[in-house]
Structure formats: C-alpha cells, structure tokens
Amino acid sequence: MMKIIKNNLYLFREICHADPWRIPYSFFNAVFCGVFQVFFYVYIIKYIINNIFLFQNFEEIVRIILVGIAICILSTAISSHYNAIYSYVSNQKIYEYLFNCVKEKAASIPLEEYDNPQFYNQHIKALEEISTRFEEFISSNERLLKSIVTILSISFMVMWDEPILLVFLIIPFLIRAFTGKKSNEVKYQRNMKEQEERRIIDFVKRSFYLRDYAKEVRIDNIAVVLKEYFHKSIERIKFLYESNNKELAVLSCIQLFCDELFTLVIPMIYAVYKTVVQRTMLIGDCFVVINSMTICTDAIIEMVAILLDYQRINLFIENLILFLSKEKTIKHGKRKIKEIQSVEFSHVSFGYTPQRMVLKDLSFYIQKGEKIALVGDNGAGKTTMIQLLLGIYPPTEGEIKVNGYTLDEYYPGELARVVGILQQQIHIYATSVICNMLRNLPKNERDYDRCWKALSLCGLEEKIQSFPNGLNTLMTREFEQDGQIFSIGENQKLGIAGMLAQDKDIYIFDEPTSALDPISEYKMIQNIFCNLKDKTVLLISHRLSFAAKADRIIVLQDGIIWECGSHNELLKDNGIYAQMWKKQASNYI
C-alpha cells in the first residue's frame, strides 16, 4: 500500500509540473459534486416529503426547492466547464510534458539498450500508455474522492441517527474487497498471458497493412503462415477466457447478492419496520434511508473498484518511474563545436557483448576536407564504425576524438548539428518534401533555394515542381490520400539532394546509390564530389567507383583495418581491395 501511495504522489508531482491547476480543480469538482449529490438527493428530498406530510408552509417548501435547483445549476456549470473544456486542454499539456520526459530519457540511453527486450518493453509501454493512463489516474482519484465525500456526507446526515446502517455498508464493502481482489488476480494473470498473444496478432496485422510487407504478402505464400499464427493466437486467447470465466462469474454473483441483500433488502425492511410498526421514523426519513443506502452502495462499489484498479494503474506508474529513473549512461560535456577540423579513432574496439566484438583496435585520423571511402564485405563493421562516430554507441575500448576532444566532452546534439548522414535504408517521413530533405524545419527562403538547387542537381526538380504545393507537398499517404510516394531509387536521389542542401561539416553516405542505375549513379558521384569539395566526406559503398575518387580508402575485414591508402596505392599492393576492384571490373566486361 505504501508503494502505491508513493507512486501516486510521484505522478501527482509530475502532473503538477505540467499543469499546476489540474489536480486542485479536479479535486474541487469532485468534492463539490459529492456534497451536492447528498444535499439534493438526501437532505432536500427528506425535507420536502416530511413537510408535505406535516402540512408545512408551501412557500417554504418552494424556497428550498429553488435553492436546490440553484445549487444544481452551479454544480452542472462547474462540471461542464471542467469536463468539456478545461480537462481536454489540460490533458494535451500533460501528455506533451510526459512524452517529452520519456523522449529525453530515451535519448540519454545508448541504443545498445534497445537490443535488451526488458528495456525495449519498458520504453514501448511507457510511450504507449502515457497518452491514456494519466487520464485514468486523474479520473480514478476524482471518482475516489467523490465516493469518499458522498459516504462521509451521508454518514453525517443520516447514519448519525441510525448507526446500525453502517453495519449494512461495512459487510458488503469487505466482501466486495475480497472478491474484487480475487477477480483482479485472475484477470491480471489472464491479461499477462493474453499480452503475449496480442503481440503476435499485432505483428500479423502490421504485416498485412504496412506497404512494404503488403506487397510481399500478395505475391507468395507467407500469408498462409501469418494467418496460421493469427488463428492459433486467437484460439489461445479464447481458451484463456473460457478457462477463467466460470471463476469470475461465481465471484461476480457473490458480489451482487451481498450488495442487494445488505444495502437494499435489509435496510428497506429496517426502515419500513421503524416507520410502520414502531412509528419512530417519518415517511421522508424512511425514503431517505432507502435512497441513502442506494447512493452509498453505488459509492462503495465505485470506491472498491477504484482501489482495486489502483494495482493496474500502479503498474503503469511503476514502469514510468523505472524508465525515467534509469541512469543516464551517455555522458555529455558542455563544449560546443564551431567547425570540425579533425576526427580521430584511437585504438577503438566495440562489441555488443564481450563475446561478440565487431570492431577491433581501429586507429586512423581524418582531416578537414578529406574524402574517405570505407569498403569491405557485409558485416565487416563499416556501418557500426559510423554509428560510433555519431555517438550512437559508446566504444567498448579506446577513444573517438573530434577536434582533439572525446565525444562525451561535447554538449548534447552538437554532433547532429554539424554532421549529416544518409542512411543505407532511407526513411521517408509523413511530412513535407523539404522537411524530409533538411531533416529539420525550414528557417528561411535560403533553405528553399538550396533545396531547389540540390533537386536540380539530382534530377528531381521537375517532378517536385509538378506537385501542387512544391516543396511543401506531403510525402507518404499516412495522413493525406494525395500524399506523394517515390520509388526506392527516387528516395535515394531525394536523400542525396537533402544532403547537398544541408550545411554540415561532415557528410556521411552509407550505400547512397545502391538502387540507382549506372548513369544515375555516375551523376550522383559527380554531384557529391563537386559540390562538397571543401567538406569532409565519408563514403560507405560496395561500388568501388565511389572509392576510386576518394583521397583515402579504409578497407575493413572482420572488424580490423586491413588496408589503408589511395586507390592507386592499394591497387599496387595487390591486396583485398585490388581483388575486389578486379572482380567488380570483370562484371562490366
């Protein structure tokens, strides 16, 4: 219980950081509504019925009714403003705040953690649930407070004179707490097993609607395999529910029977007996006892359900706390990068695990303006080396220095500001053409001019000009039916154009022309070397036509720098690079 309270206080604090007025307003609304419910449905009705039977002044009764209506209008106005206006705006502020907290924490943790299923599940769960769970949390606390206020108000107004009625409420409360706890345990175990099956179902669903997978599903028999996975998961979920439903049904029957017996039947007999036989209770009091017990029963059912539901909400809060409290293993300093003059790898080794070393003792130096080609077989470690340079992974051993300082001495985001990279797998986002090119928001007309110039060099200018909104046209059909979709080759041209339009110190190209025909590839090579002649360029490519133009070629083999030199030097050495060159050249003969 103390852990749940501690977790709740944590989320209260976070919500107050996002919107300081949300919790006070929600609690005020809950208290006011709870008190009003008792005042109107208990006190005023009791007063009216008793005064009718006692033949009291009509004007006095009307006055009380009007007071009740006025309070009702005020209560409705407060609730309407809170529920229909304020809470919606507040929810967006809180969601944005929590989302940014999770995003910033994720950015401070090395990407190698994403290979850890436990961390990955924590991250996904935190991102998926923050959009709804905090709303459930606030709503649950509102309802709980309203239920407590309702019960206390009725206890003060009615049960002060009839304390025996408290017994009729306590018994079903205890029974419901016990049966509810048992039901929650059964549902929790069922949901944990169901979640495993839902992941399989979600995977199959994605395979049928994601564009890249949907094509393959139509042209081979993998759909049969996916449907079988889907069918088996559905069957296992059905079995889970069938095996648990009997126990849940019995527990539900016990709850309902005890609720009806102790909060309706017995209190009704008691109140009627006091009114008809003993004549110690007025008819209005009799009606109020029955009505109060009904209201209290609803409040108790609500309160027990919320208290039991706290366990589920607490799991979300605990996961959020666990994720946000993770130690920031990516260290950052406060240095800024004015301009990159040099990059140095000094005895750098890296492995995803100690038994799986990908790079071994790499040492080399890159000066400003050099054009460096990284070549090697698949799995040699070329892309991993670039990821180390970008700070995505920290080296297991050795140091990587920019301008003589290690990466962790620089302020967060400095490398991203001065280094541009075109990934091997180009991701086109559901945003405008210019945002996909710049990987940022355009700041001025100069950005547009640079993009048009780059598109002209890459042969896409006419195509983009034909779009209704030019550079502001949306890509993909994620949000708009008329969004533009490019071929793989056009995506690569757009990616290269985007790199040429950016103003960076270092440009990294990872297999930038793998989907282009030889003529287009030649043009792209010319564009890169001509337009970035004063910039530092790192090229990863299996097509050695790129490497031949580089100042230096680094040949990686099994995570080791096997050779290093210019195109002509390596051909003379007649080593690995020379063999690769001869094999590729023979393909064109």
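An account of the accompanying structure is given in this report. (Residues numbered from 1 in each chain as written. Predicted model: local features only at pLDDT ≥ 70, side-chain atom pairs only at ≥ 80, totals over all residues. Heavy atoms only, no water.)

## What to know about the sheet that holds strand 5 (residues 405–406)
Point 1. Taken in spatial order, the four strands make up an open sheet running 2-1-4-5, and their pairing is antiparallel. Because the sheet does not close on itself, it has two edges, and the strands there are strand 2 (356–367) and strand 5.
Point 2. Packed on one face of the sheet, helix 9 (residues 382–389) meets strand 1 (342–353), strand 2 and strand 4 (397–402) and runs near 115° to strand 1. (Pairing = 2+ DSSP bridges. Helix = DSSP H or I, 4+ residues; strand = E, 2+ residues; numbered from the N terminus. Contact = heavy atoms within 4.5 Å. Axes fitted to C-alpha atoms, helices over the stretch in contact; angles between N-to-C directions.)

## Thoughts on helix 12 (residues 445–458)
Point 1. Compared with an ideal rise of 1.5 Å per residue, which puts 14 residues at 20 Å, helix 12 spans 20 Å between its outermost C-alpha atoms and is within 8% of the ideal.
Point 2. Among all positions of helix 12, only Asp-447, Tyr-448, Cys-451, Ala-454, Leu-455 and Cys-458 are buried. Mapping the buried residues of helix 12 onto a view down its axis gives an arc of 130°, with all of them on the same face. For helix 12, the exposed residues lying more than 90 degrees away from the buried face are Glu-445, Arg-446, Asp-449 and Lys-453.
Point 3. Contacts made by the buried residues of helix 12 are with helix 11 (433–438), helix 13 (461–465), helix 14 (488–501) and helix 15 (518–531).
Point 4. The backbone nitrogen of Arg-446 has a side-chain oxygen 3.1 Å away, supplied by the residue at the start of helix 12, namely Asn-444.
Point 5. Just beyond helix 12, the residue with positive phi is Gly-459, at close to 80°. (Expected span 1.5 Å × (residues − 1). Buried < 20%, exposed > 50% of the residue type's maximum accessible area, 1.4 Å probe, protein only. Arc of directions from axis to C-beta. Polar contact = N/O pair within 3.5 Å; in protein donor to acceptor, adjacent residues only side chain to side chain.)

## Considerations on the packing of aromatic side chains
Point 1. Applying the stated criterion across every chain, the model contains eleven aromatic pairs.
Point 2. For the pair Tyr-405 and Tyr-410, a centre-to-centre distance of 6.4 Å together with 90° between the ring planes defines the contact as edge-to-face.
Point 3. For Tyr-405, a relative accessible area of 30% corresponds to the partly exposed category.
Point 4. Its relative accessible area of 4% is what places Tyr-410 among the buried residues.
Point 5. The positively charged end of Arg-335 is found above the aromatic ring belonging to Tyr-405, 3.6 Å away from the centroid.
Point 6. In this arrangement the basic side chain of Lys-336 is found over the ring face of Tyr-411, its NZ or CZ atom lying 4.6 Å from the centre. (Phe/Tyr/Trp six-rings, centres within 6.5 Å; stacked < 30°, edge-to-face > 60°. Lys NZ or Arg CZ within 6 Å of the ring centre and 35° of its normal.)

## Points about the pattern of salt bridges
Point 1. A complete count under the given rule lists 13 salt bridges for this structure.
Point 2. One salt bridge connects Lys-205 with Asp-202, and the closest N-O pair in it is separated by 3.7 Å. Of this pair, Lys-205 and Asp-202 both sit in helix 5 (residues 164–209), three residues apart, roughly one helical turn.
Point 3. Since its relative accessible area comes to 34%, Asp-202 is described here as partly exposed.
Point 4. The partner of Lys-232 in a salt bridge is Glu-228, and the shortest N-O contact between them spans 3.8 Å. With Lys-232 and Glu-228 both in helix 7 (residues 222–277), this residue pair falls four residues apart, about one helical turn. (Salt bridge = Lys/Arg side-chain N within 4 Å of Asp/Glu carboxyl O.)

## With respect to the packing of helix 12 against helix 14
A pair of packed helices can be characterised by two numbers: the angle between their axes and the separation between those axes.
Point 1. In the contact formed by helix 12 and helix 14, the axes pass within 8 Å of each other and the chain directions differ by 135°. Compared by their axis directions, helix 12 and helix 14 come out oblique. Viewed along their axes, helix 12 and helix 14 form a crossing whose handedness is right-handed. Seen from helix 12, the contacting residues are Arg-450, Cys-451, Ala-454, Leu-455, Leu-457 and Cys-458; seen from helix 14, they are Lys-493, Leu-494, Ile-496, Ala-497, Leu-500 and Ala-501.
Point 2. Looking at the contact of helix 12 with helix 14 residue by residue, the class counts come to ten nonpolar, no polar and two charged. (Parallel < 35°, antiparallel > 145°, perpendicular 65-115°, else oblique. Left-handed = near helix turned anticlockwise from the far one by under 90°. Nonpolar A, V, L, I, M, F, W, Y, C, P; charged D, E, K, R; others polar.)

## Some details on helix 3 (residues 58–107)
Point 1. Look at helix 3: 71 Å from first C-alpha to last across 50 residues, which is about the 74 Å you get at 1.5 Å a residue.
Point 2. By the largest-angle criterion, Tyr-86 marks the main kink of helix 3, which is about 45°. (Bend = angle between axes of the 7 residues up to and from the residue.)

## Focus: the side chain of Thr-179
Point 1. Position of Thr-179 among the secondary structure elements: in helix 5.
Point 2. The contacts of Thr-179, once residues within four sequence positions are left out, are Leu-251, Ile-254 and Gln-255.

## A word on a nonpolar patch on the surface
Point 1. A cluster of nonpolar side chains, contributed by Met-268, Val-272, Tyr-273, Val-276 and Val-277, occupies part of the molecular surface with about 430 Å² of accessible area.
Point 2. Note on placement: Val-272 falls in helix 7.
Point 3. Residue Val-272 is classed as partly exposed on the basis of its relative accessible area, which comes to 37%. (Patch = residues over 30% accessible without salt bridge, like charges linked within 9 Å, V, L, I, M, F, W, Y side chains within 5 Å. Areas by Shrake-Rupley, 256 points an atom, 1.4 Å probe, with all protein chains shown as cover.)

## Things to note about the nonpolar core
Point 1. Counting residues in hydrophobic clusters, the biggest one holds 35 residues, and the most contacted among them are Met-437, Leu-455, Ile-464, Leu-471, Leu-494 and Phe-509.
Point 2. When residues of this core are traced back to their parent elements, those giving at least two are helix 11, helix 12, helix 14, strand 7 (506–510), helix 15 and strand 8 (536–540).
Point 3. Excluding anything up to four places from it in sequence, Leu-494 contacts Ile-428, Val-433, Met-437, Leu-455, Leu-460, Met-475 and Phe-486.
Point 4. One finds Val-348, Leu-389, Tyr-410 and Ile-554 within the second-largest nonpolar core, a separate group that totals 32 residues. (Core = buried A, V, L, I, M, F, W, Y, C linked by side-chain atoms within 4.5 Å.)

## Examining the sheet that holds strand 10 (residues 560–565)
Strands pair in a sheet through their backbones, by hydrogen bonds, and they do so in one of two ways: parallel or antiparallel.
Point 1. Strand order in the open sheet formed by six strands is 6-7-8-3-9-10, and the pairing between neighbours is mixed. Across the chains shown, the open sheet's two edge strands, defined by having one partner strand only, are strand 6 (419–422) and strand 10. With direction set aside, neighbouring strand axes in the sheet form an average angle of 15°.
Point 2. Taken together, the four bridges between strand 6 and strand 7 define a ladder with parallel strand orientation. By the bridge assignment for strand 7, Gly-420 is matched with Tyr-507.

Remember, this is a structural readout, not a statement about activity or role.
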